[in-house]
2 protein chains.
Amino acid sequence: MRALTVQPGTHGTARVDELPDPVAGDSELLVEGLALGVCGTDREIVAGDYGWSPPGRDRLILGHESLGRVRHAPAGSDFTDGDLVVGVVRRPDPVPCGACAHGEFDMCRNGRYTERGIKEVDGYAAELWTVELDYAVKLDERLVDVGMLMEPTTVVAKAWEQIDRIGARSWYEPRTVLVTGAGPIGLLAALLGTQRGLDVHVLDRVTDGPKADAVAALGATYHHEPVAAVAGKLQPDVVIEATGAGSVVFDAIANTGTYGITCLTGVSTPGRTISIDAGADNRQIVLENDVVVGSVNANLRHYRAAADALAHADLDWLRRLITRRVPLEHFDEALTARPDDIKVVLTLTGEAR
Amino acid sequence: MRALTVQPGTHGTARVDELPDPVAGDSELLVEGLALGVCGTDREIVAGDYGWSPPGRDRLILGHESLGRVRHAPAGSDFTDGDLVVGVVRRPDPVPCGACAHGEFDMCRNGRYTERGIKEVDGYAAELWTVELDYAVKLDERLVDVGMLMEPTTVVAKAWEQIDRIGARSWYEPRTVLVTGAGPIGLLAALLGTQRGLDVHVLDRVTDGPKADAVAALGATYHHEPVAAVAGKLQPDVVIEATGAGSVVFDAIANTGTYGITCLTGVSTPGRTISIDAGADNRQIVLENDVVVGSVNANLRHYRAAADALAHADLDWLRRLITRRVPLEHFDEALTARPDDIKVVLTLTGEAR
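Residues numbered from 1 in each chain as written. Chains lettered and ligands numbered in written order. Predicted model: local features only at pLDDT ≥ 70, side-chain atom pairs only at ≥ 80, totals over all residues. Heavy atoms only, no water.

Placing chain B over chain A gives an RMSD of 0.0 Å and needs a rotation angle of 180 degrees, together with 0.0 Å of translation along the axis. The superposition of one copy onto the other is thereby described by a two-fold rotation axis. Looking at the rotation axis and the C-alpha trace of chain B, the residue lying nearest is B:S275, at 2.1 Å. When the interface residues of chain B are mapped onto chain A, 100% of them again lie at the interface, so the same face is used by both copies. (Least-squares fit on C-alpha atoms with pLDDT ≥ 70 in both. Contact = heavy atoms within 4.5 Å.)

Here A:V95 and A:P96 are connected by a cis peptide whose omega angle stands at -15 degrees. Summarising the element assignment, A:P96 is placed in the loop between strand 7 (90-91) and helix 2 (98-101). Of note in this structure, B:N297 is not a glycine but carries a positive phi near 65 degrees. Its location among the elements puts B:N297 in the loop between strand 18 (291-294) and helix 9 (300-311). (Helix = DSSP H or I, 4+ residues; strand = E, 2+ residues; numbered from the N terminus.)

So, on to the UniProt feature "domain: Alcohol dehydrogenase-like N-terminal" (unreviewed entry) in chain A. In the numbering adopted here, UniProt assigns the feature "domain: Alcohol dehydrogenase-like N-terminal" (unreviewed entry) to residues 25-140 of chain A. Secondary structure within residues 25-140 of chain A divides into 9% helix and 35% strand; the distance between the first and last C-alpha atoms comes to 25 Å. (UniProt positions renumbered as here; feature names shortened; annotations may be inferred.)

It is worth spelling out the sheet that holds strand 7 of chain A at this point. Residues and elements named next belong to chain A. One open sheet accounts for three strands, arranged 7-8-9; its pairing is mixed. A strand with exactly one partner marks an edge of an open sheet, and here the two such strands are strand 7 and strand 9 (120-121). Where strand 8 (residues 114-116) lies against strand 9, two bridges are found, and the strand directions are parallel. Looking at the pairing, R116 lines up with V121 of strand 9. (Pairing = 2+ DSSP bridges.)

Right, let's talk about the sheet that holds strand 8 (residues 114-116) of chain B for a bit. Across the sheet, three strands lie side by side as 7-8-9 (chain B); this open sheet has mixed pairing. Each edge of the sheet is formed by a strand with only one pairing partner; in this case those strands are strand 7 (90-91) and strand 9 (120-121) of chain B.

On to the domain arrangement of chain A, then. All names here are of chain A. Taken domain by domain, chain A comprises domain 1 (2-139 + 316-352) and domain 2 (154-294). A straight line from the C-alpha centre of domain 1 to that of domain 2 covers 28 Å. Counting residues at the interface gives eleven residues for domain 1 and 13 residues for domain 2. The tally of links from domain 1 across to domain 2 stands at one salt bridge. Here D106 makes a salt bridge to K158, at a shortest N to O gap of 2.9 Å. One can count two residue pairs in polar contact (both at pLDDT 80 or more) joining domain 1 with domain 2. It is helix 10 (residues 315-321) that provides the largest number of residues to the side of domain 1 that touches domain 2, a total of four residues. The residue makeup of the side of domain 1 that touches domain 2, split by class, is five nonpolar, one polar and five charged. (Domains from an automatic or database assignment. Salt bridge = Lys/Arg side-chain N within 4 Å of Asp/Glu carboxyl O. Polar contact = N/O pair within 3.5 Å; in protein donor to acceptor, adjacent residues only side chain to side chain. Nonpolar A, V, L, I, M, F, W, Y, C, P; charged D, E, K, R; others polar.)

To continue, consider the packing of helix 3 (residues 150-167) of chain A against helix 4 (residues 184-195) of chain A. Residue and element names in this part refer to chain A. Two elements in contact, helix 3 and helix 4, have axes whose closest approach is 9 Å; the angle formed by their N-to-C orientations is 55 degrees. With respect to their mutual orientation, helix 3 and helix 4 come out oblique. Crossing of helix 3 against helix 4: the hand is right-handed. Counted together, P152, T153, V155, V156, A157 and W160 of helix 3 and I185, L188, A189, L192 and G193 of helix 4 form the full contact between these two elements. (Axes fitted to C-alpha atoms, helices over the stretch in contact; angles between N-to-C directions. Parallel < 35°, antiparallel > 145°, perpendicular 65-115°, else oblique. Left-handed = near helix turned anticlockwise from the far one by under 90°.)

Our next topic: the side chain of A:H64. Residues and elements named next belong to chain A. With respect to the helices and strands, H64 occurs in the loop between strand 4 (60-61) and strand 5 (65-72). Among the polar contacts made by the side chain of H64, one reaches the side chain of D42 at a distance of 3.4 Å. Residue contacts for H64: discarding those within four places in its chain leaves L36, C39, T41, D42, V89, R116, I118, Y124 and E151.

The next thing to look at is the nonpolar core. Counting residues in each nonpolar core, the largest one holds 210 residues, and the members touching the most others are A:L318 and B:L318. Non-local contacts of A:L318, meaning those with residues more than four positions away in its chain, are made with A:L143, A:V146, A:L149, A:L188, A:L191, A:L310 and A:A313. A:V286, B:I276, B:A278 and B:V296 belong to the second-largest nonpolar core, a separate cluster that totals 21 residues. (Core = buried A, V, L, I, M, F, W, Y, C linked by side-chain atoms within 4.5 Å. Buried < 20%, exposed > 50% of the residue type's maximum accessible area, 1.4 Å probe, protein only.)

On to the interface of chain B and chain A. The interface is formed by 54 residues belonging to chain B together with 54 residues belonging to chain A. For the pair chain B and chain A, the summed buried area comes to about 4,700 Å², and 57% of that belongs to carbon and sulfur atoms. Of all residues in chain B, B:R109, B:W171 and B:R283 give up the largest surface area on contact with chain A, accounting jointly for 16% of the area buried on that side. Between chain B and chain A we count two salt bridges in total. Where A:R283 meets B:E44, a salt bridge forms, and the shortest distance between an N and an O atom there is 3.8 Å. For the interface between chain B and chain A, the tally reads 34 residue pairs in polar contact (both at pLDDT 80 or more). Contributing elements (two or more residues each) for the side of chain B that touches chain A: helix 2 (98-101), helix 3 (150-167), helix 7 (246-253), strand 17 (273-277), helix 8 (278-287) and strand 18 of chain B. With eight residues, the top contributor of residues to the side of chain B that touches chain A is helix 8 of chain B. Across the side of chain B that touches chain A, the residue classes break down as 24 nonpolar, 19 polar and eleven charged. (Buried area = accessible area lost by both parts, 1.4 Å probe.)

On to the environment of B:R165, then. Relative to the assigned elements, B:R165 resides in helix 3. Relative accessible area serves as the criterion here: at 34%, B:R165 is assigned to the partly exposed category. Sequence-distant contacts of B:R165, that is, excluding residues within four places in its chain, are made with A:R169 and B:R301.

Right, let's get into the UniProt feature "domain: Glucose dehydrogenase C-terminal" (unreviewed entry) in chain A. Listed under "domain: Glucose dehydrogenase C-terminal" (unreviewed entry) in the UniProt record, and renumbered for this structure, are residues 145-348 of chain A. Annotated as 43% helix and 20% strand, the span residues 145-348 of chain A places its first and last C-alpha atoms 12 Å apart.

In this section: the pairing of strand 18 of chain B. All names here are of chain B. Covered by surrounding structure in strand 18 are V291 and V293 together with V292 and G294, the residues of both alternating faces. In terms of strand pairing, strand 16 (residues 261-264) meets strand 18 through four bridges, oriented parallel. In the sheet register, I261 faces strand 18, and the bridge partner there is V291.

The next point concerns the packing of aromatic side chains. All names here are of chain B. Across all of its chains, the model carries nine aromatic pairs over all chains by this definition. Between F105 and Y135, the aromatic rings sit 6.0 Å apart at their centres with planes inclined by 55 degrees, giving tilted as the arrangement. Within this pair, whereas F105 is found in the loop between helix 2 and strand 8, its partner Y135 is found in the loop between strand 10 (128-132) and strand 11 (136-139), the two being separated by 30 residues in sequence. Judged on exposure class, the residue F105 and its partner Y135 are both buried. With a centroid separation of 4.5 Å and 65 degrees between ring planes, the pair formed by Y124 and W129 is classed as edge-to-face. Residue classification places Y124 among the buried residues on the basis of a relative accessible area of 0%. The residue whose ring lies beneath K119 is W52, and the NZ or CZ to ring-centre distance is 5.8 Å. Over the ring of F79 we find K138; its NZ or CZ atom is 5.5 Å from the centre of that ring. (Phe/Tyr/Trp six-rings, centres within 6.5 Å; stacked < 30°, edge-to-face > 60°. Lys NZ or Arg CZ within 6 Å of the ring centre and 35° of its normal.)

Below you can see the structure in the form of structure tokens.
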């Protein structure tokens, strides 16, 4: 089988390798890879800035935004040959820490978790892959050409769960949400906001194009003015920050409404220094009882929530998010971001092309 | 009766006035003021930087950290003449907003709440005051000389409740807490930390003196090194920030452990600009699933929690926190901070001197 591999820590080592077909264990599925979503983390790994190969090996099969079709399911399992599935990204640490021991491995305390396609375990950018039954999630067949959006949807499902649980510490009936950044995370966060019946606003730098169109198609409001102006006017109950840009982050935090919750989801690069009025920011967070919460990764509960959100989403809207589909052999094109990209997908078989 | 009054918005207008005795309504207590704690908010009001007088009046009776003895309780109420009581500070807004309508007036959304001694309602710096039965809280008689610590204790009781409820969004068994600032809020936050069985660390700038002694007497660990060094080593599960100093705030946030919760309680002054690595701070908050929460004021649930905390505290330790007791007529001395002050108290009768 063919797979997209990389040597973590070294720039520009991505290539398609011909590897032996994987063999599924007794409690594993053998899955035919259909497609793979590409994200900023993949690009960081290809650039040599992130990622870890499996112990004793130099190269890692890339890919964590999976979509596949079960080729062989163990008898008596909840899966059937032909099922559409995605594989969960993270696995609990082996100690395990208290969070991992309780299934909350997205909150792992000791950092010894592993992640398919990112940290010490091969990913899903392969024509065949295996996955433990406990870490495979079935998708509705209608999602056959968009199901690789599942993993980013789990990220926003977790973000929304964090917001809901933190909001519930006192009286909480949110109305207005501002999403900063109209990439896949921002747009999927907006989707879940509309599914909650909220007044959803999405902000990005571009003035028009597929991002603005996707926001409008969702029935949400698109903004391209500076975040301080937009948030200052909206006074949102919730901000979901998906740019990772320092100035956007702090302008958003400083302009929520009272009891505002800002959920940070963008993994930014260190080394970008900005000046802030720390006295004013601290004072406002205190006097408004505001919260800033970081959210990364997802556990099985969030995969279930994401599957539910996708099942209730408009298929044509989901298809809007996939702005390019690139065959595996042209992975270089997929790994190079273009201005109008929302989600770029590597196709592994003809079925998802 | 005598009362300490001030003209909000004008610097240096504090004076002792002779005013008519207040008259209690049918559902109010008439209370003899015993003592009053003085805090930074009082000093801001006296400096003309904060505070609002009652509608139609120029002057406000100062004081929100109350302690008094019931002179007259309505028949059939839960109070008896002679009971030791404190008055709640905040009252719900008149609209009311959803939070105030649900008793969560500390989370008031529209800012139209009022506050005794701060915002539009006379305070407790008077030889006699009245308070609605629903906003009076009974204290154990043994707290007669320290009960004015109740109000700052409600602030930390709320802070701890916020931390507990936010922590409970996933698996959470905190062990280590770092408190920054060893003023009354910091020390009372440390007290509640030890009551929870946590490993408590308190950081302040001074190298020794009553603050360091109070921390040691609590069985907690005192630090006076920079917060980045202390927190970086401890990797605390919880930080309770009680300095309001921008650099301390951001160094604390950046050095929590994974799934760290930083609770900001210090009301700082705007206009203090610092440079931060926004990319690094954002990245760490996201990848560690960290939370920053602001907490101000307290509702009746927090008053009950605070009364319980004080009832279980060592009386001699609470007395350590009151480093000066100043009679009402010498209010100027009480309003001038001294380096070794922890809590300064105005005494209104001989009973609390």
